[in-house]
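For reference, the chains in residue letters:
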Amino acid sequence: QVQLVESGGGLVQPGGSLRLSCAASGSISRINANTMGWYRQAPGKQREFVARASWGGNTIYADSVKGRFTISRDNDRNTVFLQMDKLKPEDTAVYYCNLGGAMSSYWGQGTQVTVSS
């Protein structure tokens with residue numbers, strides 16, 4: 001029903017920036033896409049919450065990224081973005097897009113972000 005495709009990952013130096021995008025296809029509405037968010041998983045670690053945004057644009061961030069990352073969504077284009085600034089090596093992970101509603105949850109395949117000098 002819903003497919004999510006992340007893009008925008010890559011290799012960046014500490015202090016640099018990347019902008020991730022997640023394009024959703026299928027039947028998208030406020031019902032099944034009430035929340036869109038980003039999670040990440042570093043090697044050997046559990047997947048962790050990064051940021052999420054409601055349909056109306058309310059946002060919440062993990063403490064580790066607050067002030068550096070900005071999540072936004074374009075409901076007309078069924079897309080959610082993650083602007084990542086002042087990147088740190090500890091931000092290195094596979095970043096996954098999540099779309100969820102009251103009765104469903106979908107995940108993308110992830111995009112690799114590597115922060116290294």
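This text goes with the structure placed above it.
Residues numbered from 1 in each chain as written. Predicted model: local features only at pLDDT ≥ 70, side-chain atom pairs only at ≥ 80, totals over all residues. Heavy atoms only, no water.

Undergrad: Can you break down the state of the cysteines residue by residue, with the values?
TA: Evaluated as defined, the whole model comprises one disulfide. Across the disulfide, Cys-22 is cross-linked to Cys-97 (sulfur-sulfur distance 2.2 Å). Taking the sign of the S-S torsion, about -85 degrees here, the bridge from Cys-22 to Cys-97 comes out left-handed. With a gap of 75 residues between them, Cys-22 in strand 3 (residues 18-26) and Cys-97 in strand 9 (residues 93-100) connect regions that are remote in the sequence. An identical accessibility class is assigned to Cys-22 and Cys-97; each is buried. (Disulfide = S-S within 2.5 Å. Helix = DSSP H or I, 4+ residues; strand = E, 2+ residues; numbered from the N terminus. Buried < 20%, exposed > 50% of the residue type's maximum accessible area, 1.4 Å probe, protein only.)

Undergrad: If you had to explain the sheet that holds strand 1 (residues 2-7) to someone new, which residues and values would you point to?
TA: Across the sheet, four strands lie side by side as 1-3-8-7; this open sheet has antiparallel pairing. Only two strands of the sheet have a single partner each, and these edge strands are strand 1 and strand 7 (69-74). Direction aside, neighbouring strands of the sheet carry axes that sit 15 degrees apart on average. Pairing of strand 7 with strand 8 (residues 79-84), which is carried by six bridges, proceeds in the antiparallel orientation. Paired with Asp-74 across the two strands is Thr-79, which belongs to strand 8. (Pairing = 2+ DSSP bridges. Axes fitted to C-alpha atoms, helices over the stretch in contact; angles between N-to-C directions.)

Undergrad: So what's going on with the pattern of salt bridges? Which residues, and what values?
TA: Applying the stated rule across the entire model yields four salt bridges. Measuring nitrogen to oxygen at the nearest pair gives 2.6 Å for the salt bridge that ties Glu-48 to Arg-40. The buried category is assigned to Arg-40, whose relative accessible area is 5%. Linking Arg-68 and Asp-91 is a salt bridge whose minimum nitrogen-to-oxygen distance equals 2.7 Å. Here Arg-68, found in the loop between strand 6 (59-61) and strand 7, pairs with Asp-91, found in the loop between strand 8 and strand 9; they are 23 residues apart in sequence, far enough to count as distant. One connected set of salt bridges, linked through shared partners, spans Arg-40, Glu-48, Arg-68 and Asp-91. (Salt bridge = Lys/Arg side-chain N within 4 Å of Asp/Glu carboxyl O.)

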